[in-house]
Amino acid sequence: MTLQIDLNADMGEGYGRWSVGDDAALLEVVTSANIACGLHAGDPDVMARTMAQAVERDVGIGAHPGFADLQGFGRRRMHLPDHSLRNLIRYQVGAAQAMARGAGGRLRHLKLHGALSNMASEDRALAYLCYETALDVDPDLVVMVLPQTEMEAAVRDLGCAWAGEIFADRAYNEDATLVDRALPGAMIHDPEVAAGNMAAMVREQAIICASGKRLPSRVDTICVHGDTPESLQIARAVRARLTADGHYVRPLYSRAPGSAQ
């Protein structure tokens, strides 16, 4: 079965004079870029540069909002009142929308970052609040979600366009959440192992957990974390394997919104 699969990476996560990952090289491989919006990482100059490079390569631009936590890279859990969380999302999506327009492109999708994403995968109400707020800013966004989690339940409740995302460089628990980074085996560093795992998940349309359990899932996009040391090698290996298996690696926006494949 031939499928259309998007390959995305988190990027734009440098700040000022400090760089994180090789965004320019990754943009030669991936088809969508989730760009930090200045609170967990990134700044206006980094956003502008990364988005301009994405536009040059016809890579889909996405907002990647997280908690206001530069020191912790957005990976520390925070508990905010609903109105503050709405403002946090609205602020970042609006910034991403404006910066994308300034770079000659447009915002295509939304993906939550770090601890905010982990919390949303466990809490349907929190996920719904974040997605509803983002869609209020831009109703045409495609929302990237972890399939089989409360994120998927939230987008189904909203009836919006969404994409099921799996991770090339992470291991899975049996409830479809990601294994905590602090635990052994949580991170996958071998590009060929990552590529083989992704090929199997795309073929089976299922998340394959660390235990071997299969969770049938819609798989539209594959993520490589831009701050992973092997990110470029993993992205290249995954793309090569998908192409060898006969799949089309294309941006999310090249297919009809809401379509599975």
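Draft legend 1. Representation of the nonpolar core. Core analysis: the largest hydrophobic core is formed by 78 residues, its most contacted members being Leu-110, Tyr-131, Ile-222 and Val-238. If one sorts the elements of this core by residue count, helix 5 (residues 124-137) sits on top with seven residues. Those residues within four positions of Tyr-131 in sequence are excluded, and the remaining contacts are Leu-110, Leu-112, Val-143, Met-144, Val-145, Met-151, Ala-154, Val-155 and Leu-158. Counting five residues, the second largest nonpolar core, distinct from the first, contains Met-144, Ala-161, Ala-163 and Leu-252.

Draft legend 2. Region of interest: the pairing of strand 6 (residues 162-167). Counting buried residues along strand 6, six of its six residues qualify, which places the element largely inside the surrounding structure. Of the two faces of strand 6, the one holding Trp-162, Gly-164 and Ile-166 and the one holding Ala-163, Glu-165 and Phe-167 are both buried throughout. Strand direction decides the pairing type here: strand 5 (residues 142-145) and strand 6, joined by three bridges, are parallel. Within strand 6, the residue paired with Val-145 across the bridge is Gly-164. The parallel pair strand 5 and strand 6, bridged by helix 6 (residues 150-158), forms a crossover whose chirality is right-handed. Examined bridge by bridge, strand 6 and strand 9 (residues 221-225) share three bridges and lie parallel to one another. Residue pairing for strand 9: Glu-165 is matched across the bridge by Thr-221.

Draft legend 3. Structural context of unusual backbone geometry. A positive phi angle, close to 55 degrees, is found at Phe-73, a residue other than glycine. With respect to the secondary-structure elements, Phe-73 resides in the loop between strand 3 (60-64) and helix 3 (82-102). One non-glycine residue, Gln-205, adopts positive backbone phi at about 50 degrees. By secondary structure assignment, the location of Gln-205 is in the loop between helix 7 (191-204) and strand 7 (206-208). Of the residues examined, Gln-205 reaches a relative accessible area of 18% and is grouped as buried.

Draft legend 4. Summary view of the state of the cysteines. Using the criterion set out here, one finds zero disulfides in the structure. Cys-223 takes part in no disulfide bond, and the closest cysteine sulfur, belonging to Cys-37, lies 15 Å away. Under the relative-accessibility criterion, Cys-223 is labelled buried at 0%.

Draft legend 5. Quick look at the pattern of salt bridges. Taken as a whole, this structure holds 13 salt bridges when the rule is applied. The salt bridge involving Asp-10 is made with Lys-111; its shortest N-O contact spans 3.0 Å. Remark: Lys-111 occurs in the loop between strand 4 (107-110) and helix 4 (114-122) and Asp-10 occurs in strand 1 (residues 4-11); sequence separation between them is 101 residues. Residue Asp-10 shares its accessibility class with Lys-111, and that shared class is buried. In this structure, the salt-bridge partner of Arg-86 is Glu-132, at a minimum N-O distance of 3.0 Å. Residue Arg-86 is found in helix 3, and its partner Glu-132 is found in helix 5; the two are separated by 46 residues along the sequence. For Glu-132, a relative accessible area of 30% gives the class partly exposed. What emerges from the salt-bridge pattern is a single network uniting Asp-10, Lys-111 and Glu-165.

Draft legend 6. View of the packing of aromatic side chains. Considering all chains together, one arrives at zero aromatic pairs under this definition. It is Arg-218 that lies over the ring of Trp-162; its NZ or CZ is 3.8 Å from the centre. Seen from the ring of Tyr-248, Arg-250 lies directly overhead, with NZ or CZ sitting 4.5 Å from the centre.

Conventions adopted
- Residues numbered from 1 in each chain as written.
- Predicted model: local features only at pLDDT ≥ 70, side-chain atom pairs only at ≥ 80, totals over all residues.
- Heavy atoms only, no water.
- Core = buried A, V, L, I, M, F, W, Y, C linked by side-chain atoms within 4.5 Å.
- Buried < 20%, exposed > 50% of the residue type's maximum accessible area, 1.4 Å probe, protein only.
- Helix = DSSP H or I, 4+ residues; strand = E, 2+ residues; numbered from the N terminus.
- Contact = heavy atoms within 4.5 Å.
- Pairing = 2+ DSSP bridges.
- Right-handed = clockwise from strand over helix to strand, strands pointing away.
- Disulfide = S-S within 2.5 Å.
- Salt bridge = Lys/Arg side-chain N within 4 Å of Asp/Glu carboxyl O.
- Phe/Tyr/Trp six-rings, centres within 6.5 Å; stacked < 30°, edge-to-face > 60°.
- Lys NZ or Arg CZ within 6 Å of the ring centre and 35° of its normal.

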